[in-house]
Amino acid sequence: MDRYGYDKKLSTGIVGHGGPPWGSSFPPSVTLIVFGIITEQSIGRLFLAGLVPGLMVAAFFICIIYGWCKINPAWAKGERSTWKERMALAARVL
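Residues numbered from 1 in each chain as written. Predicted model: local features only at pLDDT ≥ 70, side-chain atom pairs only at ≥ 80, totals over all residues. Heavy atoms only, no water.

## Topic: a nonpolar patch on the surface
Right, so step 1: A cluster of nonpolar side chains, namely Val52, Met56, Phe60, Ile64 and Trp68, defines an oily patch on the protein surface of about 520 Å² accessible area.
Right, so step 2: Looking at the secondary structure, you find methionine 56 in helix H3 (residues 43-71).
Right, so step 3: Relative accessible area serves as the criterion here: at 44%, methionine 56 is assigned to the partly exposed category. (Patch = residues over 30% accessible without salt bridge, like charges linked within 9 Å, V, L, I, M, F, W, Y side chains within 5 Å. Areas by Shrake-Rupley, 256 points an atom, 1.4 Å probe, with all protein chains shown as cover. Salt bridge = Lys/Arg side-chain N within 4 Å of Asp/Glu carboxyl O. Helix = DSSP H or I, 4+ residues; strand = E, 2+ residues; numbered from the N terminus. Buried < 20%, exposed > 50% of the residue type's maximum accessible area, 1.4 Å probe, protein only.)

In structure tokens:
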């Protein structure tokens, strides 16, 4: 993010806050596996139970970052991608 000109506060916050909420609840999670073994619950059902909260945290995180960057556009002054580039990258990700 430094290479693309993002603000240090924003990039540090994204990296620092992005892992902990998702690491403990978003499947596949070691925490959920250990919890399932200890409580003798279905690991698959725990993964399904962690999916919705994990996606909600991701959606809220995206909204907050978007809002911050709308308030202060200098924080995220990277190059804009064309829709063609975005779709090509999205296809590679999927």
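Moving on from the coordinates now.
## Remarks on the packing of aromatic side chains
Right, so step 1: Scanning the model with the defined rule gives 1 aromatic pair in all.
Right, so step 2: Where tryptophan 68 meets tryptophan 75, the ring centres are 6.4 Å apart and the plane angle is 80°; that geometry is what we call edge-to-face.
Right, so step 3: Accessibility expressed as a relative area gives 42% for tryptophan 68, which makes it partly exposed.
Right, so step 4: Across from the ring centre of tryptophan 83, 4.5 Å away, lies the NZ or CZ of arginine 86, which sits over that ring. (Phe/Tyr/Trp six-rings, centres within 6.5 Å; stacked < 30°, edge-to-face > 60°. Lys NZ or Arg CZ within 6 Å of the ring centre and 35° of its normal.)

## Digging into the packing of helix H2 (residues 30-39) against H3
Right, so step 1: Between H2 and H3, the shortest axis-to-axis distance is 9 Å and the interhelical angle comes to 135°. Considering their axes alone, H2 and H3 lie oblique with respect to each other. The interaxial crossing formed by H2 with H3 has right-handed handedness. For the pair H2 and H3, contact is made by Leu32, Ile33, Phe35, Gly36 and Ile37 and by Ile43, Leu46 and Phe47, respectively. (Axes fitted to C-alpha atoms, helices over the stretch in contact; angles between N-to-C directions. Parallel < 35°, antiparallel > 145°, perpendicular 65-115°, else oblique. Left-handed = near helix turned anticlockwise from the far one by under 90°. Contact = heavy atoms within 4.5 Å.)

## Concerning unusual backbone geometry
For residues other than glycine, phi is negative in most cases, and the peptide bonds are mostly trans.
Right, so step 1: Its identity is not glycine, yet glutamate 40 carries a phi of approximately 55°, on the positive side.
Right, so step 2: Inspection of the secondary structure puts glutamate 40 in the loop between H2 and H3.
Right, so step 3: For glutamate 40, a relative accessible area of 72% translates into the label exposed.

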